[in-house]
Amino acid sequence: MSKIVKIELTPVFVPFRQQILELMKAGEGGLGMAIAAEEEWNGGDFVICKMFDDAGNHGLGEAFVWLPETGVSPDQLIDLIRQSLSQYVLGESPFDVEKIRQRMNINVNRCEVAKGLIDIACYDLMGKITNRPAHDFMGGKCKDELPLCALIPLMPVEHMIGLCQKFYAEGMRTFRLKLGLGIEKDKAIIGKFREVMGDQVRLRVDYNQAYSPTMAVRALLAIEPFGIDFAEQPVKADNYAGMAYVQARVNVPVMAHEGCFSLQDINTLINMKGINTIGMNAERPGGVTNMLHVISYAQMEGIGCVLHNQPLGIGSAMQIHVAAARYHDLGHDIELFGEIMLEDDLITTPIKYENGTVTVPTAPGWGVELDEVALKKYATSDTVIIE
């Protein structure tokens, strides 16, 4: 049985495309969303993981980090893996993801972003060893192509609607609109959206913690008539009681994002009746293994799941494989906007995005290979090698 013998970790920063920067600067707070952060957001900070086995195979992982959300920097994440988590990974088989997960959990509290990075690389390495796509280790593939959702930043309403029309022309039929400017302004945006786009497209909204619980209830009741799939993070990330207060008073399913990183976070929010949709990506709830646990639990509870973020190519491929394997349990289109927002995806062959869908990669593992030239170009410091 293959054993993990080396881990390489590289911090990278990939800038947003110039057009995206201009759109964001024209939007709320220069970020295109209502989140009250002073931290600049001109691109994406990531950590790229290469995990090697004793036969020379390697698997890839990717984690996105942004302090206002993840609360950890690339260097801190790398230090945690180097100083602690790696000792519970090296020498283990990449196929033993549950064992690795248990060892990491009992020895290091929380730190789901770092644990998830390790877990993601294990699945790619499994595929490389067996010459099989990663979704084979998640139950197989339900679909070859997956419908996508478009992200619309918080800007003047005419610009937001213009972007919706652009993405509609490209085949997308689900849209996530950023809100949080105030109840009447939010209502005007959603009203204009339905007026122009009609009732046949799906709509989700994202408040980025803009409101108090009482204001969030008023804001959601104002837009409920327009048909909303779910509302993301209407109150402060750590206000679980506030989330429950809101969900008890509105019909729109509420989803946590900034305040939801672990399996325990999700379980607590569900038990408190604070959410009716679960959001996941490479960082939350800590890798593929945890994602699969959450999707199975949510399916039994009748709760929808959505995979969304702005990942590079590795993170995008990971979410595509998970969505392809568990498509019928999710209930919501996936949203992968890294290929639109970021100036490079750090993979050698682009993932196929066409007509509002993405094609599931078919090569072993995640089906993508790391562009070593791009890795060197965007690296912010030297690669850390652990063996």
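Residues numbered from 1 in each chain as written. Predicted model: local features only at pLDDT ≥ 70, side-chain atom pairs only at ≥ 80, totals over all residues. Heavy atoms only, no water.

Participant: Would you mind showing me how to read the overall build of the protein chain here?
Facilitator: The helix and strand inventory of the protein chain stands at 15 helices and 15 strands. Relative to the 2.2 N^0.38 estimate, which gives 21 Å for 387 residues, the radius of gyration of the protein chain is 20 Å and therefore close to what a compact globule would have. With the C-alpha coordinates of the protein chain rotated into their principal frame, the extents come out at 60 × 40 × 40 Å. Counting all 387 residues of the protein chain, 59% fall into the buried class. Only carbon and sulfur atoms are counted for the fraction: they give 48% of the accessible area of the protein chain, which is about 14,900 Å². (Helix = DSSP H or I, 4+ residues; strand = E, 2+ residues; numbered from the N terminus. Rg over C-alpha atoms; globule rule 2.2 N^0.38 Å. Buried < 20%, exposed > 50% of the residue type's maximum accessible area, 1.4 Å probe, protein only. Areas by Shrake-Rupley, 256 points an atom, 1.4 Å probe, with all protein chains shown as cover.)

Participant: What am I meant to see in the packing of helix α10 (residues 263-271) against helix α11 (residues 288-301) here?
Facilitator: Geometry of a packed helix pair, given as the angle between the helix axes and the separation of the axes. Interaxial distance between α10 and α11 falls to 11 Å at its minimum, and their mutual angle equals 15°. Compared by their axis directions, α10 and α11 come out roughly parallel. The two elements α10 and α11 meet at a crossing, and its hand is right-handed. Touching L263, I266, N267, I270 and N271 of α10 are N290, V294 and Y297, all from α11. The residue makeup of the contact of α10 with α11, split by class, is five nonpolar, three polar and no charged. (Axes fitted to C-alpha atoms, helices over the stretch in contact; angles between N-to-C directions. Parallel < 35°, antiparallel > 145°, perpendicular 65-115°, else oblique. Left-handed = near helix turned anticlockwise from the far one by under 90°. Contact = heavy atoms within 4.5 Å. Nonpolar A, V, L, I, M, F, W, Y, C, P; charged D, E, K, R; others polar.)

Participant: Looking at this structure, how should I read the environment of E38?
Facilitator: As for its placement among the helices and strands, E38 is situated in the loop between α1 (18-25) and β2 (43-53). Taking the C-alpha atoms as reference, E38 lies 36 Å from Y123; in sequence the two are 85 residues apart.

Participant: I would appreciate a short explanation of the sheet that holds strand β14 (residues 357-359) in the present structure.
Facilitator: Paired through backbone hydrogen bonds, the strands of a sheet run either parallel or antiparallel to each other. If you walk across this open sheet you meet the three strands as β4-β14-β13, and the pairing is antiparallel. What marks the edges here is a single partner per strand, and that holds for β4 (145-147) and β13 (353-354). Across two bridges, the pairing between β13 and β14 is antiparallel. From the neighbouring strand, E354 faces β14, where its bridge partner is T357. Along the sheet, helix α12 (residues 313-325) makes contact with β4, β13 and β14, crossing β4 at roughly 95°. (Pairing = 2+ DSSP bridges.)

Participant: Sorry, what's going on with the environment of F193 here?
Facilitator: Mapped onto the fold, F193 is located in helix α7 (residues 183-197). Separated by 95 residues in sequence, F193 and V288 have C-alpha atoms that sit 35 Å apart. The contacts of F193, once residues within four sequence positions are left out, are I161, C164, F175, L177, G198, V201 and L203.

Participant: So what exactly am I meant to see when it comes to the pattern of salt bridges here?
Facilitator: A pair can form between side chains of opposite charge whenever their charged atoms are brought close. Going through the model one piece at a time under the given rule, you end up with 22 salt bridges. Between K128 and D124 there is a salt bridge, with its nearest N and O atoms 3.0 Å apart. A residue pair is termed a helical-turn pair when its members lie 3 or 4 positions apart in one helix, as K128 and D124 do in helix α5 (residues 112-130) at four residues. For the pair shown, K128 and D124 are each scored as buried. Across the pair K352 and E354 runs a salt bridge, and its minimum N-O distance is 3.5 Å. For E354, a relative accessible area of 43% gives the class partly exposed. Put simply, R176, K178, R204, D206, E232 and E335 are held in one network by salt bridges that share partners. (Salt bridge = Lys/Arg side-chain N within 4 Å of Asp/Glu carboxyl O.)

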